[in-house]
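This is what each chain is made of:
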Amino acid sequence: MGRSSIPPALIELSNPSSPEAQVNALRTLKNEIVGHDQRKELAVRHGVITPLAGLLRTEARKGGKRRKGVQNGNSSSGREDERALEWSTEDELRLQATLMVGSLANGGPAFVTPMLAGNIIPPLLEAVSPNETPSKPLVATLRTLNQIVDAVAQEKPWTDLSDGPVRSSLSIAVYEQIYIKTVIESFAQILAQTSASSDVHQQISWTAKLIIKTCREEDQKKLLLDAGILDLLATKLAAFAAVDAHSQRVEPRTSSRDELPLTYLPDILEAISAIIRDSHFNTARFLYSQPIQQLFGWPKGGTAGPYEGYSTTSQVTSWDKLIPRLQTMQSKSDSYTKSWPALGSYTSAATSDSYTRLPSAETLQPNSSRTIITDESENPLFIWLMFVARRGEGRERLSACWLLALLKKFGERWPLNDPSKTTRERHFSYLIIPLVVKMIQEANPTSDQSRKNNSLNPRAKDENRFILERSTLILAELVTSNKVLQNAAVDAKILPVLVQILKKSFDPVITLSKPLWQPRPASPQAQDPMVDSASSTLGRSGLSPEVLHAFKYRESALLALAAMADSQDGLRKQIIEIGAATHIIDSLVPYSEAPPDPSSSTSRQIPTSTTAKDGNPVPVLIAACKVTRSLSRSISVLRTSLIDHGIAQPSFNLLTHPNVQVQIAATEVITNLVLEVSPMRTEIIDAGALRTLCEHCRSAHFDLRYGSLWALKHLCLGLPYAMKIHCLDELGVGWLVQTLNGDPAKTYVSTPFGMGTPNAVGEQVDILNAVDDPHMDVDEESSSEEDEDTMTDSIPSVRRHQRPGSRYTSAANIRDRLQQIKDDEQDLRLNNERDDIRIQEQALDFIRNFITEDKASGEMIDHLLKSFGHTRFFELLDAKIRPKGATTQPGAPSYWNNTPQRTSFSSPNLGQPNWAAYPSTELIIGTLYILVHLANGRPQHRSLLISQTQLMQHVLPLLSHPRRDVRLPCAWFINNLVWVEDNTDENATRERAQSLRQLGFEEGARLLGRDMDLDIRERAKTAIEQMAKLLGDTRGLGYGSGSPTFGGSDAGGVGGLASMGGRLGSLHSHRAWGRDGG
C-alpha cells in the first residue's frame, strides 16, 4: 500500500493556495478516508476538523448572499449567468467539505465528539435553507446531518447522568443544535416545496428522516408544531391518499403539486408518527388538520371544499371499497359484493358478475330477509391506512401499521362518540394483526426469509433489521389492554415467535470491527501545538451496529410480551411455559462496563461480542421490568415460575439503579412482589426494601414517589405489629400529613371551559372526579357508551349538531375539541391536581392497610391515633369527604324522602347534594374505607367515631352518592358501627344505634336497602335488622330472610360481618394486580 496522502492534503486545507486546489485536496482526502476508520482517525488527529468548519462557515455566507441576489431578481445577467451562479467553485468546495464530514461521521460517535468541539454542526445547519443553498449541496447537507444523528445513536446509553434521560449526552448536544427556531423554519421551507424535481423530493425525504430520528421530547414536538411542519406533512399524506381516492372513479385527475413518488410515503408516515407519538394533542392536531379534514372528513352541509381542484370527500369517494367489508351475510344487490366476494366464491366462466356462494343462513331460512348492515363503516383515514398496509410491503406496510396503532390509541382515549369504535376491533383483528404477525415472523432472525434478506445488499439487510425492531413494537402498541387483539395475535401463533426472538438476542454477536495493527507506539504521541486539542481528540467509541440492533429488538420483544400478558392469566402461563422466564431474568441484569485495557494499542476498542452476562442498557431494563410486572399479576405464576427463577433479587437490585426511570420501572415490579400472597415478600423485605421505598417516597420525581408509596401500601398489609410501627416511623407521620393536606393553593372544584363532565345525576363535575383508573370498579349496570354520550352531549365543545353518528363537526367545534385535549394534556395546574389526588389516594390506602388487623385488636388504630393526634387525624379525614364551603349544622339534616322507591340518580333532584362541590371521588372512597376499618376496631373506636358529629354528618350524604363504590363502603360502615362485640357490648351498641338514628343514618340505611346493587342491599338490610333489634323497632324486620345471629361466638365475633367489612377494605387496595404505573 502506498503512503497516505492525508498530510499534504491537510496542509493545503490549512494554507490554501486557491479554491481549485482546496477542492482537489478535499476530493483526495475524502477518497482516502472512505471506508478506512484508521485514516479517519489520522485525519482527525492532524486537525482536519478546524479547516472543515472554517470552510463550511465561509462558504455558507458567500453562497447565501449570491443565492439571495439571484432569487430576489438583483442579478443583471441573463439565464446563463444565473445558472453559473447556481453552481460555482465555492459551491463545489462546500459540497466536498460536507461529504467529508459525512464520511467522518460514518466512523461512529467517537468522531462526532471532535465535530462538536470544533463547532462543525452550526454551519451545516445554516446551509439547510432552500432559499440560500443550491439543491445539490442541500441534499448533501441533509444526508450528512442524518449520518451524524445515526452516529450518536450508537453511543453507549449507560454513560448517562444518574438522573438524566435515557438518551446519551452526546445525542442531546446534537439535538439541541438542531431544534432551534431558524433550523426548524428551514425544515418547514423544505417540506413546503412543491417542485417535481427529484432533488426536491430527496430534500423532503432526508428532512423527514431527520425528524424521525431526532423528534423525542415535548419541546421538540412543539417547535415542529409551531412551524407548521405537522400540517405540511399532513398535506403530503393527503396528496398520496388522493391518488388512491381517485382510483375509485373514472374521471380524469389533475396531479397535485404536493404529490410525491410512492417510495417516499414511508418517510411521511413515520415523520407524522414521530410527532404525534405519546401526545394526544398532537394526534388531534393531525386528525383535525385541514388537509385531513378535506380529504377524509364527512363535511356538513357541503362546507368542506375539494382537495387540490378535484372532489375527494367521502360523500363522493367510496373509501369502503379499498378494504374487505367484515360481515357474515351480504345482499346480492349490494354492489360491494361484486368487488369483494365472500370467501369460497368463484367467478363463472360465462360472466364475471356471476358468483356462486356457499350456503348461508338466508338460504337455510327461505322466509327470512337479507340482513341489513347497520354498523357504520370504519373511519376513512383508517380505511386508507389499512389499504396501504395491505397493498405495500416492507417499510411502507410497517409505517402504515405504526401510524394506525398510534391513531387507535388516541381513539380509545378520546372516542368523542366515533361510531367506528364498535367495528374497529374487528378490522384490526382480521386485517392488521395478521399483517403485523407476518412481518414479525419473516423478520425473525431464525427464519429462512430473514436469512435470505440478510444475504442480500446492505440496504435490504438494514430494512430487515428495522422491520424486526419496529414490528414487535407495533404489536405491543396494538394489543395493550385489548383482549380481542391479544387473542387474535395468539391465534396467529405469535407467542413462540416472540420468545424465539428474545432468545436470539442473547446469542453472541460477532463483529468485524476489531482494530487492525497500526505502526505506532501504544503510548500517546506528542501533539502538534498548532492543532486544536479538543477538535483533534476522538471521543469514546460506541456500540457496533450488530450489538445495537440486538439490544433494540430485545427491547421490542420484551415490550410485546409485556403487552400480551397485561390482562389475561392464560397468556401469562403460556409465555412462561414456552420458556421466556430465563431470558426475562437475564434482561434484568444491568450493563457493567469493563475498565479499559491499558495494554491496548488503541483507545477505540469496540466490543466484539455481547452475551447475557454483558448486561443490558436502560431501555432494555425498563422493558424487562414491564414484562415482569405483567407476569407477576398472575398469582399462580407469581408463586411458581417467578420464584423458581429468582425474580426477586434482580428486581430489587434495580431499585437503586443510577437511572431514575429504571427505579420507577423496578418499583412497579416490587409493588406486585410484596403482596400478601407473594412468596417473595419476605426475601424482599429482608433485603431492605422498606427503607429504600421510604427514601424514594421523598424523591423529587413524582412517578417514583407515587410508585414507592403504592408499593409501601402493599408491603404494609399483613406485616407484624413491630414492622408496621417501623414502617410508619420510617415514612414519617409528618410526611403523610403533608401529603394528605396537598397544596392549599390548589382547588379541586373550579374547572376551565370544556373540562367539566356530568356525573350520574347529570350535574357538571370537575374532570378530576372522572373515573380515569382502569382498575377501578364501576356500577355494573352502567353503560360506557351511554356515559360517553352523556359526557360529550353536555360539553359544548364536543356536542353533536347533526346526525348522532357523525364524526366531524364544524370548525368552531374542532377548535373547542383541540383546546379541551390540549388542556387535559398540557395544563400544568390540571396535571398537578391529578398528581396530587393520585398520591393522596395512595396515602389514604396506606393508612387503611396500616390499621388492618387479622384479629382486630385495635392496637394499630391506637398507635395511629396517638401518632397523628385524634383531632388532627379526624380533621384530615373530614377534609376528604366534605364539600367545599361546608359548615357544621346543629342537628342532622334530612336527605331522605319517604317514597317507597329509591331516589333516581338519573335526573337532578332538589334534595340531592351538589356533587360537583365534593372532593375527588377516589379520595372519598379511600377515606370511607379507613372509616370502615376504624369501625372494625374495638367498641371504644366505634364510639369514638360516632362522637365525631361533624365527620358523621359529612358521611351521611354519601349514602346517596351516584357511584356504587361510594355507597358500598357506606353500607359496611353502618354495619360495623352496630356490630355487637359480645354480651358486655350490647348496651354500648344500643347507644350507638340510637345516636345513628338521631344523625339520620337509619333512614339512610333504609334507602340503601332499596339500592339497585344487590351487595349494597344485603349489607344495608343486615344493618337495618340489627338496628331494629337493638332499638326494639320492628320496622326494620322483614327486609330479608335468614337473618344472622348478632353477637356471641356463633357470629364469629370480629371474624363475622365486621371482619368481612375490614377484609373488603383490604381487598380494595389490591384493585390493581400489577399496577400500570398510574
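As the structure is a prediction and not an experimental result, all values here were calculated from the model. (Residues numbered from 1 in each chain as written. Predicted model: local features only at pLDDT ≥ 70, side-chain atom pairs only at ≥ 80, totals over all residues. Heavy atoms only, no water.)

(A) Representation of the environment of E442. Along the polypeptide, E442 turns up in helix α22 (residues 421–443). On a C-alpha basis, the gap between E442 and N464 in space is 8.7 Å, while along the polypeptide they are 22 residues apart. (Helix = DSSP H or I, 4+ residues; strand = E, 2+ residues; numbered from the N terminus.)

(B) Representation of the nonpolar core within the structure. Among the nonpolar cores identified, the biggest contains 282 residues, and V48, F286 and W384 are the most heavily contacted of them. Of all the elements, helix α27 (residues 545–564) adds the most residues to this core, at 13 residues. When sequence neighbours within four positions are dropped, the list of residues in contact with W384 reads L237, F240, A241, D244, L265, F296, W319 and L322. (Core = buried A, V, L, I, M, F, W, Y, C linked by side-chain atoms within 4.5 Å. Buried < 20%, exposed > 50% of the residue type's maximum accessible area, 1.4 Å probe, protein only. Contact = heavy atoms within 4.5 Å.)

(C) Focus on the pattern of salt bridges. Summed over all chains, the structure comprises 39 salt bridges. Among the salt bridges present, the one from E1002 reaches R997, with a minimum N-O distance of 2.6 Å. Taking relative accessible area as the criterion, R997 reaches 27% and is therefore assigned partly exposed. Note that D1015 and R1019 form a salt bridge whose closest N and O atoms lie 2.5 Å from each other. Linking D1015 with R1019, this pair stays in helix α51 (residues 1014–1031), spanning 4 residues, or about one helical turn. A relative accessible area of 25% means that D1015 is categorised as partly exposed. In this structure R1019 comes out as buried when scored by relative accessible area, which is 15%. Through salt bridges with shared partners, a single ionic network connects R964, D1013, D1015 and R1019. (Salt bridge = Lys/Arg side-chain N within 4 Å of Asp/Glu carboxyl O.)

(D) Representation of unusual backbone geometry in the model. Of note, the phi angle at D278 is positive, near 60 degrees, even though the residue is not glycine. Tracing the chain through its elements places D278 in the loop between α15 (265–276) and α16 (280–287).

(E) Broad picture of helix α11 (residues 181–191). Those residues of α11 lying buried are V183, I184, S186, F187, A188, I190 and L191. On its buried side, α11 packs onto α8 (121–126), α9 (135–152), α10 (169–178), α12 (198–214), α13 (218–226) and α14 (229–246).

(F) Examining the packing of aromatic side chains more closely. Under the counting rule described, the total for this entry stands at 9 aromatic pairs. Here the aromatic residues F296, W319 and W384 are joined through ring pairs into a cluster of three or more. One residue, R554, lies across the ring of F506, its end atom 3.8 Å from the ring centre. The aromatic ring of Y706 is capped on one face by R838, whose charged end is 4.2 Å from the ring centroid. (Phe/Tyr/Trp six-rings, centres within 6.5 Å; stacked < 30°, edge-to-face > 60°. Lys NZ or Arg CZ within 6 Å of the ring centre and 35° of its normal.)

(G) Here's a closer look at helix α20 (residues 380–391). In this model, α20 (12 residues) spans 16 Å end to end at C-alpha, consistent with the 16 Å of a helix rising 1.5 Å per residue. Of all 12 residues that make up α20, 10 are buried, and the element is covered over most of its length. Those residues of α20 that sit buried are P380, L381, F382, I383, W384, L385, M386, F387, V388 and A389. The opening residue of α20, the one whose side-chain oxygen lies 2.8 Å from the backbone nitrogen of L381, is N379. (Expected span 1.5 Å × (residues − 1). Polar contact = N/O pair within 3.5 Å; in protein donor to acceptor, adjacent residues only side chain to side chain.)

So yeah, pure geometry; function would need other evidence.
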